[in-house]
Amino acid sequence: MQALEKVTPGTKVFKLFAHEKLICEGKEEVFIISIQRMSREEYERRLKQRPADQ
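Structure report, in brief. (Residues numbered from 1 in each chain as written. Predicted model: local features only at pLDDT ≥ 70, side-chain atom pairs only at ≥ 80, totals over all residues. Heavy atoms only, no water.)

A closer look at the sheet that holds strand 1 (residues 5-7)
Each strand in a sheet pairs with its neighbour through backbone hydrogen bonds, running either in the same direction (parallel) or in the opposite one (antiparallel). Put simply, the test is: Think of it this way: DSSP has to see at least two bridges between two strands before they count as a pair. Each helix is a run of DSSP H or I of at least 4 residues and each strand a run of E of at least 2, with the numbering of both proceeding from the N terminus. Every axis in this analysis is a line fitted to C-alpha atoms, fitted for helices over the stretch in contact. Angles between the N-to-C directions lie between 0 and 180 degrees.
The strand order across the open sheet built from three strands is 1-2-3, with neighbouring strands paired in mixed fashion. Bordering the open sheet on either side are strand 1 and strand 3 (30-34), each of which pairs with just one other strand. On average, each strand axis in the sheet is tilted by 30° relative to the strand beside it, whichever way the strands run. Sheet topology note: the strand 1/strand 2 (residues 21-25) ladder contains three bridges and is parallel.

And the structure:
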C-alpha cells in the first residue's frame, strides 16, 4: 500500500489537486481527503441528475 501524502489544515487548496488521496492532520482531528477529477461536461451532467431536493 502506498503511503498517503500528509498535509496540515493551513495547506493551500491548489496543492491538494496534485494528489488523489491525502491525510490532513490537525491538532485534534485527522481527515482523509479524496480528490476526483472530472470534465466540466461530466460535472454539469451530474448536477442535472441530482434530485432537486438536495
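Overview of the pairing of strand 2
As judged from the five bridges shared by strand 2 and strand 3, these two strands associate in the antiparallel manner. Within the sheet, the bridge partner assigned to Glu25 lies in strand 3 and is Val30.

Quick word on the nonpolar core
Threshold: Each nonpolar core is a collection of buried residues, namely Ala, Val, Leu, Ile, Met, Phe, Trp, Tyr and Cys, held together in the definition by side-chain atoms within 4.5 Å. Between buried and exposed lies partly exposed: a residue is buried under 20% and exposed over 50% of the maximum accessible area for its type, with that area taken using a 1.4 Å probe on protein chains only. Contacts are assigned to residue pairs that have any heavy atoms within 4.5 Å of one another.
Counting five residues, the largest nonpolar core consists of Val7, Leu16, Leu22, Cys24 and Ile35. Leaving out residues up to four positions away in the same chain, Cys24 has contacts with Val7, Thr8, Pro9, Glu29, Val30, Phe31 and Ile33.

So, a nonpolar patch on the surface
The condition is simple: What goes into a patch is any residue over 30% in relative accessible area without a salt bridge, connected to like charges within 9 Å or, for nonpolar side chains (Val, Leu, Ile, Met, Phe, Trp, Tyr), within 5 Å. Accessible surface area values rest on a Shrake-Rupley calculation with a 1.4 Å probe, where residue burial reflects the displayed protein chains alone. One speaks of a salt bridge when a side-chain nitrogen belonging to Lys or Arg is within 4 Å of a carboxyl oxygen belonging to Asp or Glu.
Judged by side-chain polarity, Val13, Phe14 and Phe17 come together as a nonpolar surface patch covering roughly 330 Å² of accessible area. As for its position among the elements, Phe14 is in helix 1 (residues 13-16).

Brief notes about the pattern of salt bridges
Per the stated rule, a full pass over the model turns up two salt bridges. A salt bridge links Lys6 to Glu25, with the shortest nitrogen-to-oxygen separation between them at 3.4 Å. Pair noted here: Lys6 is in strand 1 and Glu25 is in strand 2, with a separation of 19 residues, a long-range link. Here Glu25 falls in the partly exposed class, since its relative accessible area comes to 35%.

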